[in-house]
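Below are the chains, spelled out letter by letter.
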Amino acid sequence: MPSATPQNGEQVDAERLGRLLGDPGLAWLVDRARQRMARGRPLTGPLTLSHPDESQRRAAESLLGRVPRAGRSLTVRLDTVDAILRRSGVSPDGLGVAVVALTGPVTLHAATRDKEERAWEEAYAPLGTLDAELADWAERIRRDGLVRRLARTPEAAGPLVDAAVRALRSLPVSPPMSRATFAARNLAGAHALDEGTPLAALVLSGLRSVTGFPDGAGAEWRREAWASAGLLRDDVSSTVLSLNLRGTPSLDWMADTGEPAVLTLRSLTRHTPVPVVTTTGTVHVCENPAVLSAAADTFGRACPPMVCLQGQPSAAALTLLRGLSAQGAGLLYHGDFDWGGVRIATALRRSVPWRPWRYTAAHYRAAAARVTEVPDLTGAPAATPWDPALAVALAERGVRVEEEVVLDDLLSDLERQAH
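In this text, all values refer to a predicted model and were calculated from it rather than measured experimentally. (Residues numbered from 1 in each chain as written. Predicted model: local features only at pLDDT ≥ 70, side-chain atom pairs only at ≥ 80, totals over all residues. Heavy atoms only, no water.)

Peer 1: Please explain the nonpolar core as it appears in this structure.
Peer 2: Nonpolar side chains in soluble globular proteins tend to end up buried together. In this structure, Met306, Leu321, Tyr333 and Tyr364 are the most contacted members of the largest nonpolar core, which totals 64 residues. Considering each element in turn, this core owes the most residues, 7 residues, to helix H16 (residues 315-326). Grouped together as the second largest cluster of nonpolar side chains are 41 residues, Ile141, Leu160, Ala167 and Ala225 included. (Core = buried A, V, L, I, M, F, W, Y, C linked by side-chain atoms within 4.5 Å. Buried < 20%, exposed > 50% of the residue type's maximum accessible area, 1.4 Å probe, protein only. Helix = DSSP H or I, 4+ residues; strand = E, 2+ residues; numbered from the N terminus.)

Here it is, written out as C-alpha cells:
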C-alpha cells in the first residue's frame, strides 16, 4: 500500500524536530500538511487558521523566527516551513519526512479507497452463489447500499451477507415453521432473525424476491411477508377462514350448521389432516370476509365449500389450499378489481393453481360499466398472468371494483351449486 514514510538516507533530528514542529500550537499545521499528503497534493502554498489563540501565534512565531502578520487569522506558507526544516538540518529532506516522523506513515486516500472496495467485493462474494431468481435482488442491494447501511464496514458485512445467503437458499420452507426454529437450524442461533436485527432486514428483503410479496410497511405487513416464505412468529397466529369444509369432528359440526370456521396453522400441520372437500370437488376462494359471510347467511350448510384469504394469503391459507389442491380440488378465485387485488391473486398463483371466478377483463368491464361513483385506482400497475387483458382493462378504465360491489353475481354462482 503506498505511503509517505522516511526511506533510507532520509534522516531527521527527532529532538530538535519535536521542539520546532512538535509544539501543540502547531498541531493544526502538521495535521493539515498530513491531510495534503494523504490526498497526494504537494506541500506548497499557504495554510490559514481562523481565529488562532495566543499559543498558536507564539508557536508560529517560534517556527518562523518572526512575528506573524496581525489579524483575525494566521497564515503560514508550507514552502517556508519546508525551507526552514531543510536549511536547519532538522529534516534535510523537508516537511513531508518531518510529518511522517512526527505522526507516523501516511496512507494515500486512493489506496485506502481501493483496499476498502476490494474488501466490500469480498463481503458481497456469497451473493454470487444465489439462484437466478435472486440475481436481480443481489444486484439491487449492491446498488442501493442496503448492506452498507446495515453493516457499516466490510468486516461486518461479510458474515452478514454469508448468513443471509444461507438463509435465503433454504427458503421458502414447507411445512411452515417458526422463525426461531428456522434460525436455530440454519443460522447462529434462535434469535438470529429477531425483529430489528440487520440480518432479519436483509433476509426479509431477499425473501420477497422469492415469494413476490408486495411492498408495504408495519409490523403486520412484516409478519405476513415472513409467513409468505413459511416463517412464522408462531403456529397459532396464522389463520384462514373457511366455510363448509369437512374432515374433522369440529369442521363437520361447523359445516352441519353452515357457520364459518377459523383454522389455525397449528390445526393444519400438527395433529389434524387437511380437511377434505364435499362431493362438489370445487372450492371457491375469495379475498374479503364479507363475501364468505354473505354466502353463509344466504345458503348456510347448502353453500359450496369456500375459503377466504382475508387479504394477503397467510401461511395457514396457503397450507390449506395446497392440501386441498393436492387432493384434487379445483380452486376458483375472485378478488378485488384493483392493483392490490391482482397482486394478491398473483401471490396465490405462485403457490397453488387456480382458475378465475368472475375475475377476468370481461367481468371487470361489465362490473365497472354498471356501477357509479366507484373510487379511482391507486398504486402501481401489476401484471395479471391468468388474463393479461385484465391489466389492460384496469389501466384503461382506471377504477376499482371491490368484491362487495359484485356480491350478487358471486352469490348467484354459488346458488347454482348449492345443495
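Back to the text.
Peer 1: Can you help me understand the pattern of salt bridges in this one?
Peer 2: Side chains that differ in charge, positive against negative, can pair when their charged atoms come close. Enumeration over the complete set of coordinates arrives at 16 salt bridges. A salt bridge links aspartate 79 to arginine 77, with the shortest nitrogen-to-oxygen separation between them at 3.3 Å. A relative accessible area of 30% means that aspartate 79 is categorised as partly exposed. The exposure class of arginine 77 is partly exposed, given its relative accessible area of 41%. Salt bridges here are not isolated pairs; linked through shared partners, they connect Arg179, Glu195 and Arg222. (Salt bridge = Lys/Arg side-chain N within 4 Å of Asp/Glu carboxyl O.)

Peer 1: I would appreciate a short explanation of the sheet that holds strand E8 (residues 261-264) in the present structure.
Peer 2: Pairing between sheet strands relies on hydrogen bonds along the backbone, with the strands arranged either parallel or antiparallel. The strand order E8-E7-E10-E9-E11-E12 describes an open sheet built from 6 strands, whose pairing is mixed. Because the sheet does not close on itself, it has two edges, and the strands there are E8 and strand E12 (355-356). Taken together, the 5 bridges between strand E9 (residues 282-286) and strand E11 (residues 330-334) define a ladder with parallel strand orientation. Counterpart to histidine 284 in the pairing with E11 is leucine 332. (Pairing = 2+ DSSP bridges.)

Peer 1: Sorry if this is basic, but what is going on with the side chain of arginine 179 here?
Peer 2: Structurally, arginine 179 can be placed in helix H10 (residues 179-186). At 3.2 Å, the side chain of arginine 179 and the backbone oxygen of leucine 193 are in polar contact. Setting aside its immediate chain neighbours within four residues, arginine 179 contacts Leu193, Glu195, Trp226, Leu231 and Leu232. (Polar contact = N/O pair within 3.5 Å; in protein donor to acceptor, adjacent residues only side chain to side chain. Contact = heavy atoms within 4.5 Å.)

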